[in-house]
Amino acid sequence: MTTAPPRPLVAGNWKMNGLASALAEAATVRDALGRAGAGAPEVMICPPATLLAPLAAVAQGSALAMGAQDCHASASGAHTGDISAEMIKDTGATAVIVGHSERRADHGELDRVVRAKAAAAHRAGLTAIVCIGETKGERLAGLTLGVVDRQLAGSLPETVTAANTVVAYEPIWAIGTGLTPSPEDVAEVHQAIRAHLTQRFSPSGGGIRILYGGSVKPANARELLSLPNVNGALVGGASLKADDFLAIIAAYV
Ligand code: 13P
């Protein structure tokens, strides 16, 4: 069965960056999107939790979407410092990143934790942006496709649909390093991810967006985003400045 390619998504992950002054960058992105023609991708900013409510006010009524960077698996309860998917939804966000490699490394999040968080996002009516990706050692050992397949199997809950889930392939060694896999390597991994999704989530697997993340910048966006089964980008450092982020989005127009 052939499926029309899904609308691309360019999402900015601000990570632990951004004070209230950074909202001006989001406003610049919002205003540029207001002038964008048809064919523009969906654009999202995922600020730190402290900026969710103020960024919602900046984005209200515009084409700029907003996501959070993590959620707890429970809806509420005695979990000091955590926020739930329901709370994120309550701010006006439409998505939440789960299983980012920095969460996996800093907080020991295993696939089953990521899976519970993705299920929580679905429960709350949010899109789960589920991150996977291999280490440098795994890449050099030729283990990438196996690692990615295992992470998909463990991190995606049964509630996945094309509407409520985005997969982000982020090779850990490419994050924040300026390094990227070759276009052929990106295409190979995205093809393998697509095969997993179509096999497991028939018939919606063909419509689940697969983003590439890891040192995406204006200079390489056009090449990376034109690859088969690359349905957008998850952008870290280059999403912090509106001009760079907009130049990446411009790869589509
Ligand atoms: P960089 O774009 O800074 O490499 O970060 C990628 C990333 O981790 C996005 O989630």
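The present account deals with the structure reproduced in this document. (Residues numbered from 1 in each chain as written. Predicted model: local features only at pLDDT ≥ 70, side-chain atom pairs only at ≥ 80, totals over all residues. Heavy atoms only, no water.)

## As for the overall build of the chain
How we decide: Strands here are runs of E lasting at least two residues and helices are runs of H or I lasting at least four, both read from the DSSP assignment and numbered beginning at the N terminus. The size measure is the radius of gyration over C-alpha atoms, and the globule rule it meets is 2.2 Å times the number of residues to the 0.38 power. Accessible area is worked out with a 1.4 Å probe on protein chains only. A residue is then buried under 20% of its type maximum, exposed over 50%, and partly exposed in between. Contacts: residue pairs with any heavy atoms within 4.5 Å of one another. In this description, accessible areas are obtained by the Shrake-Rupley approach with a 1.4 Å probe, and a residue is regarded as covered only by the protein chains that are shown.
A tally of helices and strands in the chain yields ten helices and eight strands. Since a compact globule built from 253 residues should have a radius of gyration of about 18 Å, the 17 Å found for the chain is in line with a globular shape. With 253 residues in all, the chain has 51% of them scored as buried. Taking the intrachain contacts of the chain between residues at least 6 apart in sequence as the baseline, contacts between residues at least 24 apart amount to 71%. Counting only carbon and sulfur atoms, one obtains 57% of the accessible surface of the chain, whose full area is about 10900 Å².

## A short note on the environment of Cys71
Structurally, the position occupied by Cys71 is in the loop between β3 (64-68) and α3 (85-91). Expressed as a C-alpha distance, the spacing of Cys71 and Ala121, which sit 50 residues apart in the sequence, is 7.7 Å. If sequence neighbours within four positions are ignored, Cys71 has contacts with Ile83, Ser84, Ala85, Ile88, Val96, Val98 and Lys117.

## Some points on helix α10 (residues 242-249)
Helical periodicity: at 3.6 residues per turn, an α-helix aligns residues three or four positions apart in one direction. Operational definition: By definition, the arc is the one covered by directions from the helix axis to the C-beta atoms.
Every buried residue of α10 is listed here: Ala242, Phe245, Ile248 and Ile249. What you see down the axis of α10 is that its buried residues fit within an arc of 125°, all on one side. The inward-facing, buried residues of α10 abut β1 (9-13), α1 (23-35), β2 (42-46), α9 (218-225) and β8 (232-235).

## Notes on the sheet that holds β1
We count it as follows: A pair of strands is labelled paired if DSSP reports no fewer than 2 bridges between them. A fitted line through C-alpha atoms serves as each axis, taken over the contacting stretch for helices, and the angle formed by two N-to-C directions is quoted from 0 to 180°.
The sheet built from eight strands closes into a barrel, its strands ordered β1-β2-β3-β4-β5-β6-β7-β8 with parallel pairing. Averaged over all pairs of adjacent strands, the angle between strand axes in this sheet comes to 25°, irrespective of strand direction. Direction of pairing for β3 relative to strand β4 (residues 95-98): parallel, over a ladder of two bridges. Note on β4: the bridge partner recorded for Ala68 is Val96.

## Observations regarding the site of the ligand
Spelled out, the test is: Only a single heavy atom is needed: when it lies within 4 Å of a molecule or strand, its residue is near that molecule or strand. Within 3.5 Å is the distance limit for a polar contact, defined as a pair of N or O atoms, with the added protein rule that one can donate a hydrogen and the other accept it, and that residues adjacent in sequence qualify only through two side-chain atoms. Three categories are distinguished: nonpolar for Ala, Val, Leu, Ile, Met, Phe, Trp, Tyr, Cys and Pro, charged for Asp, Glu, Lys and Arg, and polar for the others, with Gly belonging to the last.
Taken together, 13 residues form the shell around the ligand, and within it Lys15, His100, Gly176, Ser215 and Gly237 come nearest. Asn13 has a polar side-chain atom sitting 3.0 Å from an oxygen atom of the ligand. One of the backbone nitrogen or oxygen atoms of Gly237 is found 2.8 Å away from an oxygen atom of the ligand. Burial of the ligand by the protein amounts to 94% of the accessible area it has alone, namely 310 Å². Among the residues making up the shell around the ligand, the classes are represented as four nonpolar, seven polar and two charged.

## Some details on the packing of aromatic side chains
Rules: Any two of the Phe, Tyr and Trp rings considered here, Trp counted by its six-membered ring, make a pair once their centres fall within 6.5 Å; the pair's planes then place it as stacked at under 30 degrees, edge-to-face at over 60, or tilted in between. For a Lys NZ or an Arg CZ to count as sitting over a ring, it must be within 6 Å of the ring centre and within 35 degrees of the ring normal.
According to the stated counting rule, one finds one aromatic pair in the structure shown. Here Lys136 stacks its cationic end above the ring of Trp173, 4.4 Å away from the centre of that ring.

## Some words on the environment of Ile249
Mapped onto the elements, Ile249 comes out in helix α10. Expressed as a C-alpha distance, the spacing of Ile249 and Pro218, which sit 31 residues apart in the sequence, is 8.6 Å. Excluding residues within four positions of it along the chain, Ile249 makes contact with Val10, Pro41 and Val43.

## Observations regarding the pattern of salt bridges
Where charged atoms from two side chains of opposite charge come close, those side chains can pair. Put simply, the test is: Definition used for salt bridges: Asp or Glu carboxyl oxygen within 4 Å of a side-chain nitrogen of Lys or Arg.
Under the definition given, this model contains 14 salt bridges. A salt bridge links Asp70 to Lys117; its shortest N-O distance comes to 2.8 Å. In this pair, Asp70 sits in the loop between β3 and α3 while Lys117 sits in helix α5 (residues 111-124), placing the two residues 47 residues apart along the sequence. For Asp70, a relative accessible area of 13% corresponds to the buried category. Residues joined in a network through salt bridges with shared partners are Asp70, Arg103, Glu109 and Lys117.

## Observations regarding the packing of helix α7 (residues 144-155) against helix α8 (residues 183-200)
Applicable threshold: Left-handed is the label given to a crossing in which the near helix is rotated counterclockwise from the far helix by less than a right angle, and right-handed is the label when the rotation is clockwise.
Close contact between α7 and α8 brings their axes to 10 Å; oriented N to C, the two are set at 35°. The chirality of how α7 crosses α8 is right-handed. Taken together, the residues of α8 that come into contact with α7 (itself represented by Thr144, Leu145, Val148, Asp149, Leu152 and Ala153) are Glu188, Val189, Ala192, Ile193, His196 and Arg200. Among the residues making up the contact of α7 with α8, the classes are represented as seven nonpolar, two polar and three charged.

## Concerning the side chain of Arg139
Along the chain, Arg139 turns up in helix α6 (residues 136-140). A distance of 3.2 Å separates polar atoms of two side chains, one belonging to Arg139 and the other to Tyr169. Setting aside chain neighbours within four positions, we find Arg139 in contact with Glu134, Thr144, Tyr169, Trp173, Asp185 and Val189.

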